[in-house]
Structures are given as structure tokens and as C-alpha cells.
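Given next are the chains, with one letter for each unit.
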Amino acid sequence: MVSRILQQTAGQTGEQELDSLVLKLSILKDFLSNIEKKALKALQDMSATALPGQAQPCFRKLKSIPVQTFEVKLDLTLGDLTKIGKSQKYTLSVDVEGGKLVVLKKQKDSQEDWNTFTHEKIRQLIKSQRVQNKLGIVFEKEKDKTQRKDFVFASARKREAFCQLLQLMKNWHCSQDEPDMISIFIGTWNMGSIPPSKNMASWFASKGLGKTLDEMTVSIPHDIYVFGTQENSLGDKEWVDVTRSALKDFTEIEYRLIAMQSLWNIKIAVLVKPEHENRISHVGTSSVKTGIANTLGNKGAVGVSFMFNGTSFGFVNCHLTSGNEKTARRNQNYLDILRLLALGDKQLSSFDISLRFTHLFWFGDLNYRLDMDIQEILNYINRKEFEPLLKVDQLNLEKEKHKIFLRFSEEEVTFPPTYRYERGSRDTYVWHKQKPTGVRTNVPSWCDRILWKSYPETHINCTSYGCTDDIMSSDHSPVFAAFEVGVTSQFVSKKGLSKSSDQAYIEFESIEAIVKTASRTKFFIEFYSTCLEEFKKSFENDSQSSDNINFLKVQWSSRQLPTLKPILSDIEYLQDQHILLTVKSLDGYESYGECVIALKSMIGSTAQQFLTYLSH
């Protein structure tokens, strides 16, 4: 049980609390802001058409914003340093109203060397995850040619102020707002080592059986498409070409490849709309083998991770051990992937991948089967009665025992088992399979699944989950899911740039953790968040007790716990932030449990209690 307080330096008076409430209520208005802007734009367009000779009213009024300058150093690679000798000093000047950024290099002989970039030439800001005051800026030099420069600011707060100004400049001069919601398509398909059908439109369109998209929604292209395949006999380039071509036929859009990763015939490809390409950063890929002795790549997982503006995403496509009786082996495959797949922010290596991302999607041929007699299964399928079958589904049973996919979600399964069909038909299941070791029985099962795990108090909604009924080249049916996901972009304060004297604090009154251990060592807590000026750790716990030899109750009082300083003090900003905690032992620094907490419900002038689970 943890108590938490967040306060301004001077303490919150009744008037400040009222201001805080007003700010919270103002957030509700944001849902209408896009509609309002579009309406104003439409009025402007109508007015321009109808009355070309008259002066047009100004619909966007902002206070005059002076040019702001930032002293920075150019971050250089070791190779550059040997050529130049030392890092170079620059001045970055942001002219919000003029819509330009001036990059000025300081010279020894007092001469000045500068470049001016207009707002449309600044393609992307990439915040370093490892160095809190470092920023990469991607400039457009020529058509389709970019250049990236990395600058080190005086502090993380300075970097954040610069990013706010640049976003404000873009908001001022661009009619298009940053998205706060995107749609993501995820597909998984065991292709059975056969080239795909020429027409895969039903898969991309979420058409078939189960929860499908309505006719109107089907025609709207998704922002991101993620394809996970197993037993895919095509080469990487050939598979990407096939999916891009099929997507273009379906959407009339040339989707851009963000990442492709493969392990033998297990593949994952991520494609995005062209307008989102500059919103993607920190792309990572990884793979883990879980085949024989964990060295064979016929079974395992591939993954991709990236940031979409300010929101982190992870995607895992896996092919786990087959066989009705090998549930324990599949569970171990899952745990190996969870521990070994190297994705996301490297500073979060203390956390498994289920806690490193705002949204993590896990899918593939998980190979969990149904524990029921074959004839009973077929009878239920024929009657379209899936609930009794889902009660004996191994994945559901193991999840209920907390052995796998702890606090992952899955949309309700309302489609028939996707394996094992007779190739060329979706009417007949084939449950006998000839193997070198003899005949194996493969009961019809939901082997192909899509699950997800999101940080608390974030928006995600599964809008479709089903399988196709017209793609019959494999003994598996392709499975699809679509999601509506909330995303954050560079925060811009409604109150203008915060003063250096403004500082919010996150304080802990006490923390109590129950860890599974027979040891009686001392523990400390590490705190991680991109909203903090620096990562912090507590002192060792000042009390502990045990009612069970296998568990230890560990407690920290306020004097043992650090005060955390967020980079920004705006309540609207802090409401979207999360903090990761890990409980570690003093003897060996091994983690005994990790969790994530949302700040949204913790903000106020009085302590707020919360209860969460530690996973490890």
C-alpha cells in the first residue's frame, strides 16, 4: 500500500486547488477542440470563397511570443571528435511567430556561421532515452533527404522547454494537429510453408468470422499495420513486397516499412501511413530462439518496438512448442521470451518487456490446445457453442493460474478454432497428423491468438477480433484484430512556458511491499519515468516482518523514500505520466518485483492510496 502526494513548492492553498480543478475540467474540452478547429477552418474557407474582396477575420489569436534562445553543445561521435578536437557550442533560436529555427555555430574568430530552418523543414524531434538533456533534430535538407544533429542542453528542463516551443511553432503555422488517437491492425497467420493467396483482402479488412468491422469502418485504412507470420516460406523482401502491394490495392496508400525482423520462418513486419513516418522513433528489433535446447530457431519469437510521438509500443510475434501435452514447455517458452527479448528503452533492463511499453501486443501461433475429447469438441463447434470450449482452453487455464500473460487482455473469442483445417476447405478439421514418431492427434484449437497489455489509465479499445473464412492455403486460418489506441504528442502548456521557480514534487508517505523470498535481506526501490529529471532510488527499508516463511513484508517510511522532481509541473502533463518501480535486494541488486503506476489519480494536495501487483 502506497500513499502519494504531489504539491507545488509553496504548498497548495484553496485557490490553487480550485485552479487545479479548473485545469482538470478543461481537459474535457479537448475532446471538442478538433471539431472546433475544423469548423473554424471551414468558416474561413467559406468566407474566402464568398467574399474575396473583404478582409478576413483572424481566427487564431495568441500572445506575442519573443524569440527564445538556448545554449547547447553539438553531440559528436568519437570519429567526429578526432577530426574536430572537441564538442562545438551552438545557439538555437526559436522564432515561434516567424516559424523558423536559427542554428548558430560559435566561431573562435567571432564570425558566425548559421542556418535557418523554417517550420516545415524540421521533420522530427527525437528525445534521447539514455541522456535526459540530449535531443536529436532531423532537418530536411533536400527533397527526400534529411540530416540529423544531436544537441546537448544545459538540463532536461531546458530540453523540454525547447521542444514545447518547437511544437508551439508547428501548431501556429500548420493546420494539421498531432493525432491523439490512432488505429492499429494486427494480423497473425501460420502460413503452413505455402506461398500466400493472391487475394488477402479479407485479412486486412477484418472480414470473416467473429467480431468484425462494419462496412463503413472497413473502408477506413488503419494508421499502422503489423503482420506476424509463422512457417512463412517467402524471403523477407518478397514478403514485404507482397504485403505492401496488397495494402496498396486495398487502401490506395503506399505504406512505409518501419521494421522487419525474422527468425527462420517466423516474421514480423510493421508498416505505417506515410504521414506518420516522422512520428516514429527509437525503432528496435530482436529475436529469441526457443527450439530444441533454445538454440533452434524453428520455434521462438521476433519483436519490434518504437515510439509514436510520446507513446511507446512493443509487438511480439511468436511460434511456441506444439503438441497437446506440452503445456509446461509452452509456458517456459513464454517466460524465456519475456525475459530475453531485447526491446525498448535499455535503461529499463530491470523490467521484463511486459512493463517497458505503454502498449504491448503479443500474438502468433501460441499452440495452446483444448483439453477435451475430439468428438465433444466437434459437436460444440457444429453448434457454434464456444463457451464450453474456452473453459478447457489451455491458454485461458494457464492464465487463470497466473503462470503466463499476467494481466494481459484478450478480446472475447467468438470465432471457431483456427487449427487444424483441411487445406483448401474451411468446413473440415483434420485431427490426425502423421509424424516420423507415429500418428499425432491435433484436436481443433485456438492456437492463433492476439493479446495485449497497456499501462493503467490509458485508452485502448479492441474494435475487431476474428478470423478469415476464405483463405484456405494453410491448415491455419489467418487471425485479425484492430485497435483504437490513445497516443500522446509533445506537450504544450496552455499557461505558456513554466517559470524556473515552478516545481511539482512527488512525495511518498510510506510504501509496503510483499515479496516472495525466504531470504531476510534488506531491500531498496528504484523509480523510473521519462517525466522525471533523473531516476532515483530509496534507502534500504526500515522495517520488515514475515507471517509465512516464503514471503516477506517490507516497509519504507517517508524518511527512507526520495522526493521525485518531474521535468514539468503542469497538471495536464502529469496526468498522462507513469512511474515504474522495482524492488531490489541489497545483496546482489537482484529484482524481486516490478510494477507501473499512473499519476492521473494520484494528483492532489492530500495523500492518495493505491494498491498494485508486483510481477517478476
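The shown structure was predicted, so the numbers you read here are calculated from the model rather than taken from an experiment. (Residues numbered from 1 in each chain as written. Predicted model: local features only at pLDDT ≥ 70, side-chain atom pairs only at ≥ 80, totals over all residues. Heavy atoms only, no water.)

Asks: Would you mind going over the sheet that holds strand β25 (residues 536–537) in detail, with residue names and values included?
Replies: Spatial ordering of the open sheet is given by β25-β24-β28-β29, a layout of 4 strands whose pairing is antiparallel. With one partner strand each, in any of the chains shown, β25 and β29 (591–598) form the two edges of the open sheet. Of the pairings in the sheet, the one linking strand β24 (residues 523–528) to strand β28 (residues 578–585) comprises 6 bridges and is antiparallel in character. Bridging from a neighbouring strand, tyrosine 528 pairs with leucine 580 of β28. (Pairing = 2+ DSSP bridges. Helix = DSSP H or I, 4+ residues; strand = E, 2+ residues; numbered from the N terminus.)

Asks: With reference to specific residues and values, describe the pattern of salt bridges.
Replies: Throughout the structure, instances matching the rule amount to 25 salt bridges. The partner of lysine 134 in a salt bridge is aspartate 75, and the shortest N-O contact between them spans 2.9 Å. Residue lysine 134 is located in strand β7 (residues 134–142), and its partner aspartate 75 is located in the loop between β2 (68–74) and α2 (78–84); the two are separated by 59 residues in the primary sequence. Given a relative accessible area of 32%, aspartate 75 falls into the partly exposed group. Through salt bridges with shared partners, one network takes in Lys121, Arg123 and Glu140. (Salt bridge = Lys/Arg side-chain N within 4 Å of Asp/Glu carboxyl O. Buried < 20%, exposed > 50% of the residue type's maximum accessible area, 1.4 Å probe, protein only.)

Asks: Pulling in residues and values, what's your account of the nonpolar core?
Replies: Counting 48 residues, the largest nonpolar core has Ile184, Phe306, Phe313, Phe315 and Phe361 as the members making the most contacts within it. Residues contacting isoleucine 184, with those up to four places away along its chain left out, are His222, Ile224, Val226, Phe313, Phe315, Phe361, Ala481, Ala482, Phe483 and Val485. (Core = buried A, V, L, I, M, F, W, Y, C linked by side-chain atoms within 4.5 Å. Contact = heavy atoms within 4.5 Å.)

Asks: Talk me through the environment of isoleucine 525; I want residue IDs and the actual numbers.
Replies: Within the secondary structure, isoleucine 525 is located in strand β24. Taking the C-alpha atoms as reference points, isoleucine 525 and lysine 537, 12 residues apart in sequence, are found 5.5 Å from one another. Setting aside anything within four residues of it in sequence, one finds isoleucine 525 in contact with Ile511, Lys536, Lys537, Ser538, Trp556, Leu561, Leu581, Thr582 and Val583.

Asks: Summarise the sheet that holds strand β17 (residues 359–365); cite the residues concerned and give the values.
Replies: Read across the sheet, 5 strands follow the order β14-β15-β16-β17-β20 without closing on themselves; strand pairing throughout is mixed. Taken across any chain shown, the strands that pair with only one partner, and hence form the sheet edges, are β14 (280–289) and β20 (448–454). When strand polarity is set aside, the average angle formed by the axes of neighbouring strands in this sheet is 15°. Inspection of the sheet shows strand β15 (residues 300–308) paired to strand β16 (residues 311–319) by 9 bridges, in the antiparallel sense. Each residue of the ladder has a partner; that of alanine 301, found in β16, is cysteine 318. (Axes fitted to C-alpha atoms, helices over the stretch in contact; angles between N-to-C directions.)

Asks: Account for the environment of phenylalanine 361, naming residues and giving values.
Replies: By secondary structure assignment, the location of phenylalanine 361 is in strand β17. A residue is classified by how much of its surface remains accessible, and phenylalanine 361, at 0% relative accessible area, is buried. Between the alpha carbons of phenylalanine 361 and serine 454 there is a distance of 8.7 Å; along the sequence they are 93 residues apart. Ignoring any residue separated from it by four or fewer positions in sequence, one finds phenylalanine 361 in contact with Ile184, Ile186, Phe313, Gly314, Phe315, Val316, Leu451, Trp452, Ile460, Phe483 and Val485.

Asks: Could you give an account of the confidence of the model for the chain, with specific residues and numbers?
Replies: Of the residues in the chain, 86% have a pLDDT of 70 or more, and the chain-wide mean is 88. Here residues 79–85 is modelled with pLDDT under 50, and outside its nearest four sequence neighbours on either side it reaches 4 contacts, counting other chains as well. (pLDDT = per-residue confidence, 0-100.)

Asks: A description of helix α7 (residues 327–340) should follow, citing residues and the corresponding values.
Replies: Look at α7: 20 Å from first C-alpha to last across 14 residues, which is about the 20 Å you get at 1.5 Å a residue. For α7, the complete set of buried residues consists of Thr327, Arg330, Asn331, Asn333, Tyr334, Asp336, Ile337 and Leu338. On its buried face, α7 is in contact with β14, β15, β16, β17 and α10 (394–400). (Expected span 1.5 Å × (residues − 1).)

Asks: With reference to specific residues and values, describe the packing of aromatic side chains.
Replies: Scanning all chains against the criterion turns up 33 aromatic pairs. Between tyrosine 334 and tryptophan 362, the ring centres sit 4.9 Å apart and the planes meet at 45°, which makes this aromatic pair tilted. Placement of tyrosine 334 in helix α7 and of tryptophan 362 in strand β17 is noted, with a sequence separation of 28 residues between them. By relative accessible area, tryptophan 362 is classed as buried at 1%. Ring-pair connections join several aromatic residues into one group, and the members of that group are Phe185, Trp189, Trp203, Phe204, Tyr225, Phe227 and Tyr255. Above the plane of the ring of tyrosine 368 lies arginine 330, whose end atom (NZ or CZ) is 5.2 Å from the centre. If you follow lysine 537 out to its NZ or CZ, it ends over the ring of phenylalanine 524, 5.1 Å from the centre. (Phe/Tyr/Trp six-rings, centres within 6.5 Å; stacked < 30°, edge-to-face > 60°. Lys NZ or Arg CZ within 6 Å of the ring centre and 35° of its normal.)

Asks: Tell me about the side chain of serine 128, and please be specific about residues and values.
Replies: Looking at where serine 128 falls in the secondary structure, it is placed in the loop between β6 (122–127) and β7. A polar contact is formed between the side chain of serine 128 and the backbone nitrogen of arginine 130, at a distance of 3.3 Å. Sequence-distant contacts of serine 128, defined by excluding residues within four places in its chain, comprise Lys134, Arg159 and His282. (Polar contact = N/O pair within 3.5 Å; in protein donor to acceptor, adjacent residues only side chain to side chain.)

Asks: Account for helix α3 (residues 156–173), with residues named and values stated.
Replies: Here α3 is 18 residues long and its end C-alpha atoms lie 26 Å apart, about the 26 Å a rise of 1.5 Å per residue gives. Within the span of α3, buried status applies to Ala156, Arg159, Glu160, Ala161, Phe162, Cys163, Gln164, Leu165, Leu166, Gln167 and Met169. Summarising the contacts, the buried residues of α3 are in contact with β2, β3 (89–95), β4 (100–106), β6 and β7.

Asks: Give me the lowdown on the pairing of strand β13 (residues 266–272), citing residues and values where you can.
Replies: With 7 of 7 residues buried, β13 is to be regarded as a mostly interior element. Neither face of β13 is exposed, since Ile266, Ile268, Val270 and Val272 on one face and Lys267, Ala269 and Leu271 on the opposite face are all buried. Taken together, the 6 bridges between strand β11 (residues 224–230) and β13 define a ladder with antiparallel strand orientation. Residue pairing in the sheet places glycine 228 in a bridge with isoleucine 268 of β13. Where strand β12 (residues 256–263) hands over to β13, the hairpin turn is made up of 2 residues, of which tryptophan 264 adopts a positive phi near 55°.

Asks: Could you give an account of unusual backbone geometry, with specific residues and numbers?
Replies: Here the residue pair tyrosine 419 and arginine 420 is connected by a cis peptide bond, since its omega of 5° sits within 30 degrees of zero. Within the fold, arginine 420 resides in the loop between α10 and β18 (432–435). We note that glutamate 252 has phi near 65°; this positive angle belongs to a residue other than glycine. Mapping glutamate 252 onto the fold places it in the loop between α6 (236–251) and β12. Residue glutamate 252 is classed as exposed on the basis of its relative accessible area of 72%.

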